[in-house]
Structures are given as C-alpha cells and as structure tokens.
Amino acid sequence: MGSRQPTSEPEVVVPAIDTASSTAALRSLGRRDVRTVAVSERANPPGYHSKYCDEAVTVPDPARDLRAYEETLIELARRRDVRTILPFRESDVYVLARNRQTLAAHVGTPWPSLDALRTAQDRVRLFDTAREVGVATPATKPLDEWDDWDRDIIVKPRYTVHAAEYADRFDASHTQWSSTRYVASDETPDPERLVAEMGHVPLAQEYVPAADEYGFFALYDEGEAVATFQHRQRRGWKYCGGPSAYRESVSIPELESSGRRLLDALDWHGVAMVEFLRNPETGAFELMEVNPRFWSSLPFTVQAGVDFPWLYWRQATGDPIARPPDYDVGVAGHLLRGELLHLHSIVADDYPLVERPSLGRTTVEVLASVAGDRRFDYLAADDLGPFVRDVRNTLGHLRGERATASEQRSGLRAALQTLLTRR
C-alpha cells in the first residue's frame, strides 16, 4: 500500500472498480474538495485516470483473498483524515457491515447491519421478507425443492457472498462467481453440477418474459428514506439484460411503494438498489434482487439530479439532509461501453429463453439514442481520462489482448470528436 504525508483535508475511500459508478463518486466528491483515495486490485481501472483521483492505493483482490482486502480497508479507515468508505461491490458492503462496530470508532458508517445485509444477500430470506410485506415476486424456491419443470425458469445463486455468518457450509467467506442460467421447459438441469458450480444449493425461479426492467434507488438513514430515484432500463450489457447500458428516469408511484416497503421492512441504512421486472400480464412490479451498495448506473442518477455519493458523504459526516432532492423525469443516458457490449452480446451470446434481437436494427437504435440522449457515464468534457482508459480496457477485453497505443489514440480522438459534436 502506498504512503503519503498526512494532511488536514477530509478524505474518502472509493473502490475503483471497472464500472463507471466509482468514477462518478470520485468526480462528485472531488468537485466538492473532498480528497479522494481510490483503491483497486487492478493496475489501470478507469477511476485512476480521473483528475479527481487524489491518491491511488493498490489493495488485495477481494475475489482472491477477501480477508486480506478486509484488513486493508480497516487500515485505511484508521487514517487520520478518512471520514468514510463507499461500497460498490457485494464484497465491499459485506466487509463494511461485518466490521461496522469496529469502523464506527474511525469513520462514518452509512451502511447496513450484518443482519440486515444477510437478508439482502441471502435471496431465500429476501423473497420471504418481500412476500411478508406484500411485494410481488415470481415463484422462487431452492432448486432441490422445485418440482414444476413444465415452465421456463432461471437458476441463480442463493447467496451473493459466501459468508461464514450466512451458512454453516461456508468455512471461509468469499465472493460468488456464478451467473444466472436459463432453463427452458423442455429441459431439466443437472442439480449436482449446478450445486458444485455455485458452491451451494441455488434458487430456481419462474422466468418472467418481460423486456422492462426497473430500478428503485434509495439512501436510507436508520430505516427512513432520505432520497430516492427510479429508472427504466432500455438496454443492458447483454441482450438478456444485466447491468444497464441505456436507461431512462421515471417516476411511478407503484414502483416507489414496492421499493420502500421492502427497504422499510429491512430497517435499511445506507444506499440500495431494488431491481424489478414488470410482469407483462399483470403489470405488477416483481422483485428480482436487492443490490445493497452503489449501482453501476450511478453516473446517470447523478446527472438526472440525485447526487447519491454527495448525500452519502453528508450522512456519513453528520450533515442532515433537509428534504429529498428532485430529479428530471423522462431523461436518458448511456454507458457507451455497455452499448458496445450489448451489440457484442447479440453476436456472441445465446440465451435460450430470450429472443435474439436483430443486430442491424439494434445498431440503428443504439446510434439514434446516442445522438439524441447525450448523457454518458464516463465521457465528461472536464475529465477525459476515465473514458479513454475505459475504451482501451474494453478493446483489450473484446479482443482478448491488450489494446495498442494506436487504439488508445483512436479512443481519444473519438472522445474529442464526441465532445466537439456536443458543443
């Protein structure tokens, strides 16, 4: 870990992950003269290249050694000027919740208790809670209890973190690697293989054939909502969905009510995203999951009017939030890398229950929406570095090799051209 001379400026620790959410937090807090300490296990995350990144610190990879990562975060929290830490991954918020009492002696702790977090990260408990408070859910059971093989289902992990506190089967805590599987009604999955792959008995869930994904986003203070936001996802990183590539802000009373009822029941503290699908037959918002930390589309949330990183900072430092901020409804924004990944998914991926869109038609739609809705997660006129690095990292990922210097220059030229067009 790097060293430096102590200062009297307030500092915040921001995990610099490979989504634009951490860059949005660096920009939000850096513009308000909060000194940012970006931490990452990677050599070149986009956030390191932001002019609002004051210090870059190498940390252990939580996916490889969660305990070492935990110890490093605690060490950073003990620095004299650090005021709080922001969570961007399931492992981040687990480590923070697990050490909430210890960390409270050093920093503000606007994140949930471990018991509340367990309900969010253990989907059996989560769906039980949702049903108890009247939040709609698709049929969901542990895979070894599922007996309705005549319908399309998805199979996904029960736990988003394998935590020793959550189940006796986990001797040591570590992150969850497995992703969702789609199972058509004319096939039966191999339960033993899925259990071995996921490290526990996963969940079987009724497949909801809906294109409309919705997010309810909130900051809570000891069970009370202090700020909320909603968006509808128009395109995900994959053609089946996933993290948001293109989204539009909405304000729907039923969505607000469902999100609040669930987080109220959890007596939530801190930030959270509640993900829903709108059932095309009933119109009900059906719960998919709770992300108990900052979300990948955070830059758009900030651009639409709700600066969650700044509100989180204020809560952590004891600055009361007088009233919930308003936001613009009907505006939209993009993660350009996400749009590229969406098109790549149409070519490269296969999801048995999801109809593959037309590549040509989707390409036209992407270009038209980028031209019409010019809010971008990474691309910012005053801070080009993260966008250029993200272009380079994405090219390297898609080609399976490191992007060349010429590709980096091409990315910079594309960024400049886009900015000039915006003017």
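Residues numbered from 1 in each chain as written. Predicted model: local features only at pLDDT ≥ 70, side-chain atom pairs only at ≥ 80, totals over all residues. Heavy atoms only, no water.

Peer 1: So what about the overall build of the protein? Which residues, and what values?
Peer 2: What the protein contains, in helices and strands, is 14 helices and 16 strands. For 423 residues, the compact-globule estimate of 2.2 N^0.38 gives 22 Å, and the protein sits close to it at 21 Å. Based on the C-alpha atoms only, the size of the protein along its principal axes is roughly 65 × 50 × 45 Å. For the protein, buried positions account for 56% of its 423 residues. Taking the 51 positively charged and 64 negatively charged side chains of the protein as two groups, their mean positions are separated by 7 Å. (Helix = DSSP H or I, 4+ residues; strand = E, 2+ residues; numbered from the N terminus. Rg over C-alpha atoms; globule rule 2.2 N^0.38 Å. Buried < 20%, exposed > 50% of the residue type's maximum accessible area, 1.4 Å probe, protein only. Lys, Arg positive; Asp, Glu negative; His and termini not counted. Charge placed at Lys NZ, Arg CZ, Asp CG, Glu CD.)

Peer 1: Mind laying out the sheet that holds strand β5 (residues 140-142), listing which residues take part and the relevant values?
Peer 2: Here four strands make up an open sheet; going across it, the order is β5-β10-β6-β9 and the pairing antiparallel. Every interior strand has two partners, whereas the edge strands, β5 and β9 (181-183), have only one. Recorded for the sheet is a direction-independent mean angle of 25° between the axes of neighbouring strands. In terms of strand pairing, β5 meets strand β10 (residues 203-206) through three bridges, oriented antiparallel. Note on β10: the bridge partner recorded for Thr140 is Gln205. (Pairing = 2+ DSSP bridges. Axes fitted to C-alpha atoms, helices over the stretch in contact; angles between N-to-C directions.)

Peer 1: Let's hear about the confidence of the model for the protein: which residues, and what values?
Peer 2: Across the protein, pLDDT averages 90, with 91% of residues at or above 70. Low pLDDT, under 50, characterises residues 1-6; the predicted model gives this stretch 13 contacts beyond four residues in sequence or across chains. Across residues 401-405 the pLDDT falls below 50, and counting only partners more than four positions away or on other chains, this stretch makes seven contacts in the model. (pLDDT = per-residue confidence, 0-100. Contact = heavy atoms within 4.5 Å.)

Peer 1: Lay out the pattern of salt bridges in plain terms, naming residues and giving numbers.
Peer 2: Oppositely charged side chains may form a pair once their charged atoms are brought near each other. Counted by the stated rule, this structure contains 34 salt bridges. Residues Arg35 and Glu11 are paired through a salt bridge, measuring 3.0 Å at the closest nitrogen-oxygen approach. Of this pair, Arg35 sits in strand β2 (residues 35-40) while Glu11 sits in strand β1 (residues 11-15), and the two are 24 residues apart along the sequence. Classification of Arg35 by relative accessible area gives buried; the value is 16%. (Salt bridge = Lys/Arg side-chain N within 4 Å of Asp/Glu carboxyl O.)

Peer 1: Could you give an account of the nonpolar core, naming the residues involved and the relevant values?
Peer 2: The biggest cluster of nonpolar side chains holds 85 residues, and the ones touching the most others in it are Leu219, Leu263, Trp268, Leu287 and Phe308. Not counting chain neighbours up to four residues away, the residues in contact with Phe308 comprise Phe217, Ala218, Leu219, Ala227, Thr228, Phe229, Phe294, Trp295, Leu298, Thr301 and Val302. (Core = buried A, V, L, I, M, F, W, Y, C linked by side-chain atoms within 4.5 Å.)

Peer 1: Describe the sheet that holds strand β14 (residues 270-278), naming the residues involved and giving the relevant values.
Peer 2: The sheet built from six strands is open, its strands ordered β15-β14-β11-β12-β13-β16 with antiparallel pairing. Bordering the open sheet on either side are β15 (285-291) and β16 (332-334), each of which pairs with just one other strand. The sheet shows a mean angle of 35° between the axes of neighbouring strands, taken without regard to direction. One ladder, built from eight bridges, connects strand β11 (residues 213-221) with β14; its direction is antiparallel. Bridge pairing in β14 links Tyr220 to Gly270. The strands touched by helix α11 (residues 336-348) within the sheet are β12 (224-238), β13 (241-249) and β16, with β12 carrying the most contacts at an inclination of about 40°.

Peer 1: Run through the side chain of Thr228, naming residues and quoting values.
Peer 2: Turning to its location among the elements, Thr228 is positioned in strand β12. Side-chain polar atoms of Thr228 contact the side chain of Glu256, separated by 3.2 Å. Look past the residues within four positions of Thr228 in its chain and what remains in contact with it is Phe216, Phe217, Ala218, Glu256, Arg260, Val306, Phe308 and Tyr327. (Polar contact = N/O pair within 3.5 Å; in protein donor to acceptor, adjacent residues only side chain to side chain.)

Peer 1: A description of the environment of Ala38 should follow, citing residues and the corresponding values.
Peer 2: Looking at the element boundaries, Ala38 is found in strand β2. The exposure class assigned to Ala38 is buried, which follows from its relative accessible area of 0%. Considered as a pair, Ala38 and His231 are 193 residues apart in the sequence and their alpha carbons are 28 Å apart. With residues near it in sequence (within four places) discarded, Ala38 still touches Val14, Ala16, Leu26, Tyr48, Cys53, Glu55, Ala56 and Val57.

Peer 1: Can you explain the packing of aromatic side chains? Please cite residues and give values.
Peer 2: Going through the model one piece at a time under the given rule, you end up with 15 aromatic pairs. With centroids separated by 5.6 Å and ring planes inclined at 65°, the aromatic side chains of Tyr182 and Tyr351 adopt a geometry described as edge-to-face. Highlighted residues: Tyr182 in strand β9 and Tyr351 in the loop between α11 and α12 (359-372), separated in sequence by 169 residues. Side by side, Tyr182 and Tyr351 carry an identical accessibility label, which is buried. Residues Tyr239 and Tyr351 carry aromatic rings whose centres are separated by 5.1 Å and whose planes lie at 75° to one another, so their mutual orientation is edge-to-face. With Tyr239 in the loop between β12 and β13 and Tyr351 in the loop between α11 and α12, the pair connects residues that are 112 residues apart, well separated along the chain. Relative accessible area serves as the criterion here: at 10%, Tyr239 is assigned to the buried category. (Phe/Tyr/Trp six-rings, centres within 6.5 Å; stacked < 30°, edge-to-face > 60°.)

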